[in-house]
Amino acid sequence: MSGPPLAGGWRIWLRLARAATEACAEAADALAAGAEDVAVPEALFEARGLSKSYVVGEVVVTALANVDLDLFRGELVVLLGPSGSGKSTLLNILGGLDVPTHGSVRFLHHDLTNAGEEALTRFRREHVGFVFQFYNLIPSLTARENVALVTEIATRSMPPGEALGLVGLADRLDHFPAQLSGGEQQRVAIARAVAKRPDVLLCDEPTGALDCETGKRVLEVLARANEELGTTTAVITHNAAIAAMADRVVRMRSGTITGVQVNERRVSPSELEW
Ligand SMILES: Nc1ncnc2c1ncn2[C@@H]1O[C@H](COP(=O)(O)OP(=O)(O)O)[C@@H](O)[C@H]1O
Ligand SMILES: [Mg+2]
């Protein structure tokens with residue numbers, strides 16, 4: 001089938017969906033007329049009816065309650081919600097770090113919910129890059145060596161120097177973490193996560209420990225990796241200002257999704273203010 005590249009295709013599709021949900025039939029028709037061959041976006045993840053409860057002593061904590069979510073290939077999604085709303089629980093389940101109490105997750109039509117530990121380990125190693133609030137770098141290894149730890153065991157990886165170049169650290173290859181600022185360490189962590197060319201990059205409060213300017217630099221790197229590598233990216237934050245950099249914003253509260261918004265255009269992280 002000829003047509004627009006998939007990443008562009010789903011953006012058009014999302015605009016169509018948005019026009020339709022806003023009951024703007026005319027707008028949808030106009031968009032459809034302009035987009036001759038609209039590719040239906042490929043859902044990388046399909047989560048259905050996800051619930052997660054924890055029993056702590058005599059108390060049952062509901063971290064997620066009946067959540068449905070698709071992540072489409074190539075998009076950048078911001079998961080926005082206050083502390084305790086279930087964002088990390090959802091991301092950890094998508095990334096195969098945790099399993100739901102109820103519900104299912106499919107990754108490219110593979111059922112993750114009933115996959116064994118071995119299959120989940122392979123899934124994480126081959127398909128998922130994680131970025132956390134704290135960088136989790138090994139202090140006794142240089143930036144290049146920290147990235148190489150991952151690229152040596154992954155099959156489709158790029159050279160560590162290339163990944164560090166992508167995050168703007170080509171001149172810091174032989175620095176140890178202690179010789180790098182917090183923002184630079186987080187960029188090494190992003191290089192480590194994208195170097196294996198994962199299908200999806202899952203970022204849990206990646207700017208949570210950084211000041212505004214440094215945080216924006218880190219978000220720029222995430223946006224760039226999404227654009228240049230086409231990596232589907234989910235960014236968790238409690239900071240509403242960050243939502244503007246996304247293709248879609250998924251809002252969470254009390255373990256549920258309260259709304260999904262499609263941004264007409266993505267704002268460059270350098271233009272964000274908080
Ligand atoms: N391992 C756990 N044991 C018990 N309760 C947990 C655990 N993990 C998360 N929770 C609870 O689940 C809720 C959602 O947590 P979380 O997903 O971490 O939220 P967020 O990332 O939005 O801050 C919170 O009320 C939290 O206290
Ligand atoms: Mg969290």
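Conventions and cut-offs
Residues numbered from 1 in each chain as written. Chains lettered and ligands numbered in written order. Predicted model: local features only at pLDDT ≥ 70, side-chain atom pairs only at ≥ 80, totals over all residues. Near = placed C-beta within 6 Å. Helix = DSSP H or I, 4+ residues; strand = E, 2+ residues; numbered from the N terminus. Nonpolar A, V, L, I, M, F, W, Y, C, P; charged D, E, K, R; others polar. Pairing = 2+ DSSP bridges. Axes fitted to C-alpha atoms, helices over the stretch in contact; angles between N-to-C directions. Parallel < 35°, antiparallel > 145°, perpendicular 65-115°, else oblique. Left-handed = near helix turned anticlockwise from the far one by under 90°. Contact = placed C-beta atoms within 7 Å. Expected span 1.5 Å × (residues − 1). Buried ≥ 20, exposed ≤ 12 C-beta atoms within 10 Å, placed from the backbone. pLDDT = per-residue confidence, 0-100. Core = buried A, V, L, I, M, F, W, Y, C linked by C-beta atoms within 7 Å.

Engineer: What am I meant to see in the site of ligand 1 here?
Structural biologist: Around ligand 1 sit Tyr54, Val56, Val61, Ala63, Gly81, Ser83, Gly84, Ser85, Gly86, Lys87, Ser88 and Thr89, and that is every residue in its neighbourhood. Of all the secondary-structure elements, those providing two or more residues to the shell around ligand 1 are β1 (43-56), β2 (59-72) and α3 (87-94). The class makeup of the residues in the shell around ligand 1 is 4 nonpolar, 7 polar and 1 charged.

Engineer: Explanation requested: the pairing of strand β10 (residues 256-262) in the structure shown.
Structural biologist: In regular strands, side chains alternate between the two faces of the sheet. Relative to β10, strand β9 (residues 248-253) runs antiparallel, the two sharing 6 bridges. Bridge pairing links arginine 248 to valine 262 in β10. Where β9 folds back on β10, the antiparallel hairpin that results is connected by 2 residues, among which serine 254 adopts a positive phi of roughly 50 degrees.

Engineer: For this particular structure, what's the right way to read the environment of phenylalanine 132?
Structural biologist: Within the secondary structure, phenylalanine 132 sits in the loop between β6 (128-131) and α5 (143-151). Considering only alpha carbons, one finds phenylalanine 132 and leucine 202, 70 residues apart in sequence, at a separation of 8.4 Å.

Engineer: Before we go on, may I ask you to explain the packing of α5 against helix α7 (residues 182-194) in this structure?
Structural biologist: The angle between the axes and the distance between the axes are what describe a pair of packed helices. Where α5 contacts α7, the two axes come as close as 8 Å, and the packing angle between them is 30 degrees. One element, α5, and the other, α7, form an angle in the roughly parallel class. The way α5 lies across α7 gives a crossing that is right-handed. Together, Ala143, Asn146, Val147 and Val150 of α5 and Val188, Ala191 and Arg192 of α7 make up the contact between the two elements. A class-by-class count of the residues in the contact of α5 with α7 yields 5 nonpolar, 1 polar and 1 charged.

Engineer: Looking at this structure, how should I read α7?
Structural biologist: Within an α-helix, residues lying three or four positions from one another point in the same direction, as the helix has 3.6 residues per turn. Over its 13 residues, α7 runs 18 Å from end to end, which matches the ideal 18 Å to within 8%, given 1.5 Å per residue. Burial of α7 is extensive: 11 of the 13 residues sit out of reach of the surface. Glu184, Gln185, Gln186, Arg187, Val188, Ala189, Ile190, Ala191, Arg192, Ala193 and Val194 are the residues of α7 that are buried. Packed against the buried residues of α7 are β6, α5, α6 (160-166), β7 (200-204) and α8 (212-229).

Engineer: Mind showing me how you'd approach the confidence of the model for the chain here?
Structural biologist: Caution is warranted with low-pLDDT regions, since their predicted coordinates should not be read in detail. Looking at the chain, the pLDDT average stands at 90 and 86% of residues meet or exceed 70. For the stretch residues 1-7, pLDDT sits under 50, and the model shows 14 contacts to residues farther than four places along the chain or on other chains.

Engineer: Which parts of the structure should I look at to understand the nonpolar core?
Structural biologist: In a soluble, globular protein the nonpolar side chains are often hidden away together inside. Core analysis: the largest hydrophobic core is formed by 61 residues, its most contacted members being Val78, Leu79, Ile190, Ala191, Val194 and Leu222. Valine 78 has contacts with Val235, Thr237, Ile242, Ala243, Met245, Ala246 and Val249, leaving out every residue within four places of it along the chain.

Engineer: Can you walk me through the sheet that holds β7 in this structure?
Structural biologist: What links the strands of a sheet is backbone hydrogen bonding, and the strands pair in either a parallel or an antiparallel sense. With mixed pairing, the 6 strands of this open sheet are ordered in space as β6-β7-β8-β3-β9-β10. In this open sheet, the two strands that pair with only one neighbour each are β6 and β10. For this sheet, the mean inter-axis angle between neighbouring strands, taken without regard to orientation, is 15 degrees.

Engineer: Explanation requested: unusual backbone geometry in the structure shown.
Structural biologist: For arginine 197, which is not glycine, the phi dihedral falls at a positive 50 degrees. Checked against the element boundaries, arginine 197 lands in the loop between α7 and β7. One non-glycine residue, glutamate 205, adopts positive backbone phi at about 50 degrees. Tracing the chain through its elements places glutamate 205 in the loop between β7 and α8.

Engineer: Just to check I follow, could you spell out the environment of glycine 129 for this structure?
Structural biologist: Structurally, glycine 129 can be placed in strand β6. For glycine 129, a count of 26 C-beta atoms within 10 Å corresponds to the buried category. Once the C-alpha coordinates of glycine 129 and valine 194 are considered, the two residues, 65 residues apart in sequence, prove to be 6.2 Å apart. Non-local contacts of glycine 129, meaning those with residues more than four positions away in its chain, are made with Ala193, Val194, Lys196, Pro198 and Leu201.

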